Amino acid sequence: MPNSDFNVVSPVAPTSIAPRADQEILNVKGVSRGFKKSQGDLLVLDDVNLSLREGEIVGLLGRSGSGKSTLLRIIAGLIEPTTGDVTYKGKPLEGPADGVAMVFQTFALFPWLTVLQNVEAGLEAQGVSAAPRRARALAAIDLIGLDGFENAYPRELSGGMRQRVGFARALVVDPTLLLMDEPFSALDVLTAENLRTDLLDLWTQGKMPIKSVLIVTHNIEEAVFMCDRIMVLSSNPGRVIAEIQVPFKHPRNRLDTAFRSLVDEIYAKMTARQSGEATKQTLEFGSRLPHVSTNLLAGLIETLAAAPYNGRADMPVIARSLHLEVDDLFPIAEMLQHLGFAELREGDIYLTPSAHVFADLGTHERKMMFAEHLLKHVPLAARIKKVLNERPGHRAPRVRFEQELEDFLTDGAAEDTLDSVINWGRYGEVFSYNDQTELFSLEDVES
Ligand code: ADP
Ligand code: MG
């Protein structure tokens with residue numbers, strides 16, 4: 001797919017791009033970043049250190065909300081750290097640096113421009129004149145496997161092809177450092193794998209002028225598939241909790257035993273760390289609640305209660321069998337733990353005795369049991385119920401709780417958290433909620 005006789009973008013012969021592990025391109029030292037909230041700062045990144053050297057692809061792996069995009073924006077010079085330093089090629093970073101390009105999860109392409117014009121747009125901003133601009137844009141388009149689509153408009157392209165235009169737009173500026181923020185996560189499985197493989201081919205064949213790549217992902221397999229080194233970030237706040245060397249040569253085979261066991265090892269590291277924190281950490285009123293449906297919660301309990309698991313499973317094994325990414329499984333498993341239905345220990349999930357009881361109940365009894373656990377373990381649910389009980393009309397507007405939550409969480413997180421508790425509360429018939437009037441009430445609730 002990528003054109004093999006390409007040689008315009010890269011001024012250097014492929015052989016001269018051999019890894020030079022001694023050459024540091026980027027250094028992040030003691031970086032912390034907080035965001036102001038009315039109840040003090042929300043600390044998102046805490047004392048992050050990392051170094052990128054020439055010739056390597058480094059992965060930044062963490063769950064959503066762990067601060068990966070924030071860190072990438074700091075490195076791109078788009079926002080400043082609260083404390084700490086970033087140096088790029090030995091100099092302190094002051095705003096976006098030349099030679100650093102970014103690829104996003106989805107690109108805002110100009111709909112009224114063709115593929116070629118979209119790719120050229122990046123160079124126009126740099127003041128490159130028309131002829132070399134066109135030549136370089138065409139070369140980047142060729143390189144990324146878009147030849148033949150030069151005159152197409154974005155609306156005529158599939159999601160995968162549009163993402164390729166985004167890559168071409170990043171590559172056309174001849175970046176030294178390529179930053180990628182979950183660049184494959186909006187694509188279907190096959191399209192994503194094609195694009196990953198094409199990029200890795202270009203990288204290993206030295207066809208891109210790029211010296212170093214930093215890729216953000218929440219997908220463990222993707223990190224092991226692509227990276228030479230993986231930095232694992234914890235959540236709340238984001239800290240580097242592990243640095244893992246990936247010793248495999250490209251192309252890598254996801255089915256290799258060694259590949260699989262590295263994926264499992266990282267899974268265990270991430271769960272061990274997260275559950276270690278979770279056991280100490282009971283939910284508080286202002287805790288952010290994940291968006292997990294009661295169907296998923298009940299479904300995971302049922303799956304785990306039945307053979308072959310019989311109440312215990314390896315997290316990577318159960319994730320794979322349910323086709324879930326780490327970002328999908330962790331919140332479900334952790335929510336089960338918060339609700340007293342499971343315990344997470346060193347990469348394993350165990351059902352509690354209550355969960356075994358739950359699995360054997362009928363629909364109505366399940367709802368009652370769920371309600372009991374919800375009120376006992378989720379303070380926000382208990383608070384809503386209490387307010388409704390105390391008010392004469394047994395009603396309260398959503399905005400009241402949203403405002404209380406916003407003292408602890410960002411606006412978006414407060415809304416998501418409230419949406420989650422609404423779903424669970426409805427299922428357990430703890431309260432009802434009217435989407436039109438945005439009112440909580442105790443109507444139609446059995447007490
Ligand atoms: P990730 O990319 O790992 O999913 P982000 O870096 O996007 O994580 O976000 C980490 C946390 O920082 C989240 O809780 C998010 O709500 C918060 N956050 C990010 N940007 C801002 C901002 N501009 N203002 C307030 N909070 C923010
Ligand atoms: Mg992100």
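The rules behind these values
Residues numbered from 1 in each chain as written. Chains lettered and ligands numbered in written order. Predicted model: local features only at pLDDT ≥ 70, side-chain atom pairs only at ≥ 80, totals over all residues. Heavy atoms only, no water. Domains from an automatic or database assignment. Contact = heavy atoms within 4.5 Å. Buried area = accessible area lost by both parts, 1.4 Å probe. Salt bridge = Lys/Arg side-chain N within 4 Å of Asp/Glu carboxyl O. Polar contact = N/O pair within 3.5 Å; in protein donor to acceptor, adjacent residues only side chain to side chain. Pairing = 2+ DSSP bridges. Helix = DSSP H or I, 4+ residues; strand = E, 2+ residues; numbered from the N terminus. Axes fitted to C-alpha atoms, helices over the stretch in contact; angles between N-to-C directions. Buried < 20%, exposed > 50% of the residue type's maximum accessible area, 1.4 Å probe, protein only. Core = buried A, V, L, I, M, F, W, Y, C linked by side-chain atoms within 4.5 Å. Parallel < 35°, antiparallel > 145°, perpendicular 65-115°, else oblique. Left-handed = near helix turned anticlockwise from the far one by under 90°. Nonpolar A, V, L, I, M, F, W, Y, C, P; charged D, E, K, R; others polar. Phe/Tyr/Trp six-rings, centres within 6.5 Å; stacked < 30°, edge-to-face > 60°. Near = heavy atom within 4 Å. Areas by Shrake-Rupley, 256 points an atom, 1.4 Å probe, with all protein chains shown as cover.

Q: Explain the domain arrangement of the protein chain to me, and be specific about the residues and the numbers.
A: Looking at the protein chain, the domain boundaries give domain 1 (24–271) and domain 2 (294–441). A separation of 34 Å is found between the C-alpha centroids of domain 1 and domain 2. With 16 residues of domain 1 at the contact, the number on the domain 2 side is 20 residues. With both sides pooled, the region where domain 1 packs onto domain 2 buries about 1,600 Å², and carbon together with sulfur makes up 54% of that total. At the boundary of domain 1 with domain 2, the tally comes to one salt bridge. Run the count over domain 1 and domain 2 and you get one residue pair in polar contact (both at pLDDT 80 or more).

Q: How would you sum up the sheet that holds strand β13 (residues 348–351)? Please name residues and give values.
A: Reading across from one edge, β11-β13-β12 is the order of the three strands in this open sheet, with antiparallel pairing throughout. Only two strands of the sheet have a single partner each, and these edge strands are β11 (312–314) and β12 (342–345). Mean inter-strand twist for the sheet, computed between neighbouring axes without regard to direction, equals 20°. Pairing between β12 and β13: four bridges, direction antiparallel. What sits directly across from Arg345, in β13, is Asp348. Across the sheet, helix α8 (residues 294–305) touches β11 and β13, and the angle it forms with β13 is around 90°.

Q: Outline the pattern of salt bridges, listing residues and values.
A: By the definition in use, this model includes 27 salt bridges. With a shortest N-O distance of 2.8 Å, Glu221 and Arg254 are connected by a salt bridge. You can see Glu221 sitting in helix α6 (residues 220–226) and its partner Arg254 sitting in the loop between β10 (240–245) and α7 (257–280), a full 33 residues away along the chain. The exposure classification of Glu221 matches that of Arg254, with both residues buried. The residue Arg383 makes a salt bridge to Glu404 at a minimum N-O spacing of 2.9 Å. Of this pair, Arg383 sits in helix α13 (residues 379–390) while Glu404 sits in helix α14 (residues 398–405), and the two are 21 residues apart along the sequence. Here the residues in one salt-bridge network are Glu193, Arg196, Glu221, Glu222, Arg254 and Arg260, joined through shared partners.

Q: Lay out the nonpolar core in plain terms, naming residues and giving numbers.
A: Ranked by internal contacts, the top residues of the largest apolar core, which has 113 residues, are Ile230, Ile266 and Val378. Two domains share this core, each providing at least three of its residues, namely domain 1 (24–271) and domain 2 (294–441). If near-sequence neighbours (up to four positions away) are discounted, Ile230 is found in contact with Gly59, Leu61, Ala223, Val224, Ala242, Glu243, Ile244, Val246 and Ile266. Counting residues in hydrophobic clusters, the runner-up holds 28 residues, among them Ile74, Ile75, Val86 and Met102.

Q: Tell me about the packing of α13 against α14, and please be specific about residues and values.
A: The contact between α13 and α14 brings their axes to 12 Å, and the two run at 140°. By the angle class used here, α13 and α14 are oblique. Where α13 crosses over α14, the two elements pack in a sense that is right-handed. In this structure, α13 contributes Leu380, Arg383, Ile384 and Val387 to the contact, and α14 contributes Arg400, Phe401, Glu404 and Leu405. Residues that form the contact of α13 with α14 fall into these classes: five nonpolar, no polar and three charged.

Q: So what's going on with the sheet that holds strand β4 (residues 83–88)? Residues and values would help.
A: Read across the open sheet, the four strands follow the order β2-β1-β4-β5; overall the sheet is antiparallel. Two strands in the sheet have a free side with no partner beyond their single neighbour: β2 (40–53) and β5 (91–92). Summarising the sheet, β4 and β5 pair through two bridges and their orientation is antiparallel. Across the sheet, the residue bridging to Tyr88 is Lys91, located in β5.

Q: Account for the packing of aromatic side chains, with residues named and values stated.
A: Given two aromatic rings, their pairing is described by the distance between the two centres and the angle made by the two planes. Enumeration over the complete set of coordinates arrives at ten aromatic pairs. Seen in terms of ring centroids, Tyr267 and Phe330 are 5.7 Å apart; in terms of plane orientation they differ by 85°. Their pairing is edge-to-face. Placement of the pair is Tyr267 in helix α7 and Phe330 in helix α10 (residues 326–338), with a sequence separation of 63 residues. Side by side, Tyr267 and Phe330 carry an identical accessibility label, which is buried. With 5.4 Å between their ring centres and 55° between their planes, Phe341 and Phe358 make a pair best called tilted. Here the residue Phe341 occupies a position in the loop between α10 and β12, and Phe358 occupies one in helix α11 (residues 353–360), the gap between them amounting to 17 residues. You can call Phe358 buried: its relative accessible area is 2%. Every member of this aromatic cluster is reached through a ring pair, and the members are Phe401, Phe431, Tyr433 and Phe440.

Q: Got a sec to walk through the side chain of Thr176? Specific residues and values, please.
A: Mapped onto the secondary structure, Thr176 falls in the loop between α4 (159–171) and β7 (177–181). When neighbours within four sequence positions are excluded, Thr176 is seen to be in contact with Ile25, Tyr88, Lys89, Gly99, Ile210, Lys211 and Ser212.

Q: Residues and numbers for the pairing of β10, please.
A: When strand β9 (residues 229–233) meets β10, the two strands line up antiparallel, connected through five bridges. Opposite Leu233, over in β10, you have Val240 as the bridge partner.

Q: Which residues make up the site of ligand 1, and what are the values?
A: Inspection of the region around ligand 1 gives 13 residues, with Gly65, Gly67, Lys68, Ser69 and Thr70 positioned closest. Interatomic distance of 3.2 Å between a backbone N/O atom of Ser66 and an oxygen atom of ligand 1. Measuring from an oxygen atom of ligand 1, one finds a side-chain N or O atom of Lys68 at 2.8 Å. Out of a free accessible area of 560 Å², ligand 1 has 70% covered by protein chains. Residue contributions to the shell around ligand 1 peak at four residues, all from helix α1 (residues 68–75).

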